[in-house]
Structures are given as structure tokens and as C-alpha cells.
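# Residue-level structure breakdown
Letter by letter, the chains look like this.
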Amino acid sequence: MKRFLYYFIWTMAIGLVLYVGMYFQQQLTEWSKTTFNLFPLQVNIALFPVAIGLLLRTPKFLLQFKNGGPWSFDWILFTAVGLPALYLVLMAFLPFSSLGEGWLPIPALLIVGGTTVSTVAGLVFGYSVLASFKESDAGKSVGDL
């Protein structure tokens, strides 16, 4: 029952964050239509899924953190999964910024896939960042791995 409540509360918290985030995105959409400034909306569309990905992994991360012990960072997971996802997230809004405007091309995958690609990439990046932190294998034997 305790475990059920733990996950249920996290589900409700993520639902609340989704509701507030979608309300904020709607307000940004209306503001972008009146000011013709799409950059804040593009940043929100790209980074909001990263926050949701972090929230999705947080319950398990907190349970692992509660166990204590030495921690390590899984660079292989982060490099193989996190960095390509981060690239797609950044390319969803950097070409619209003053930093990349005019010379930084939008990848074809983002043009064809629309916001779905950046949304999935944001979820994957947020989740993989916290998944890369893990308890160190230093004290375990080969059979435990």
C-alpha cells in the first residue's frame, strides 16, 4: 500500500505539472501570435518534455538515492542515448535564436516529424540524464553485475 501511494502521488504530481505546463504553453502560443516572436514558444516546446522526462525518472532515482552508497555516472548511456537526444532538443529551438539564425540549419528529421520528434527526444534526454546516475559497482562481485 505504501508503494502504491508513493507512485500514485508521483503520478498526480506529474499530471499537475502537465496541466500547468500545457496551460503555460497555450498562453505562450497566444502571446507569440500577437508579438510574432516564436522563440519563447519554441524553447518551451523543446524543453518542457525534458522536465517531464526528469519527472518520470525521479521516483526511481529517489529510491536509489535513498539506499545510499557510492555513485557513478554511466557515460556510455549518456553518450549513446542522451547526447543524440540533446542534439534534437537543441535543434528544435536554436535555429530560431539569434545565435543560430541564418546559418544553423534545422535537421530534416525535425521538419518531417514536427514537434513529435523534439517531444520524444526531450523525454528521452530527461529520463536518460537521471538514469545515467547509478550506484557504483565498485563493491560488487562479477556475479552481481
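Look above for the structure.
Residues numbered from 1 in each chain as written. Predicted model: local features only at pLDDT ≥ 70, side-chain atom pairs only at ≥ 80, totals over all residues. Heavy atoms only, no water.

## Points about the packing of aromatic side chains
Short version of the rule: Whether two aromatic rings pair depends on their centres lying within 6.5 Å, for rings of Phe, Tyr and Trp, where Trp uses its six-membered ring; planes under 30 degrees apart make the pair stacked, over 60 edge-to-face, and the rest tilted. Helix numbers and strand numbers start at the N terminus; a helix is a DSSP run of H or I with at least 4 residues, a strand a run of E with at least 2. Only protein chains enter the accessibility calculation, which uses a 1.4 Å probe. A residue is then buried if its area is under 20% of the maximum for its type, exposed if over 50%, and partly exposed in between.
Evaluation of the coordinates by the stated rule reveals 12 aromatic pairs. Ring plane angle 50° and centroid distance 5.7 Å describe the contact between Phe-61 and Trp-71, whose orientation is recorded as tilted. Linking Phe-61 in helix H2 (residues 39–67) with Trp-71 in strand E1 (residues 71–73), this pair joins segments that are 10 residues apart in sequence. According to the relative accessible area criterion, Phe-61 is buried, its value standing at 19%. Ring geometry for Phe-73 versus Trp-75: centroids 4.5 Å apart, planes at 65°, classification edge-to-face. The exposure class assigned to Phe-73 is partly exposed, which follows from its relative accessible area of 23%. Taken together, Phe-61, Phe-65, Trp-71, Phe-73, Trp-75, Phe-78, Phe-125 and Phe-133 form an aromatic cluster joined through their ring pairs.

## Notes on helix H1 (residues 2–35)
Just so we agree on the cut-off: By definition here, a helix of n residues has an expected span of 1.5 Å times n minus one.
The terminal C-alpha atoms of H1, which comprises 34 residues, lie 49 Å apart, in line with the 50 Å expected from a rise of 1.5 Å per residue. Those residues of H1 that fall on the buried side of the exposure criterion are Trp-10, Ile-14, Gly-21, Gln-25, Leu-28 and Ser-32. Two residues or fewer after H1 comes Phe-36, characterised by a positive phi angle close to 60°.

Nothing here speaks to function; it is all geometry.
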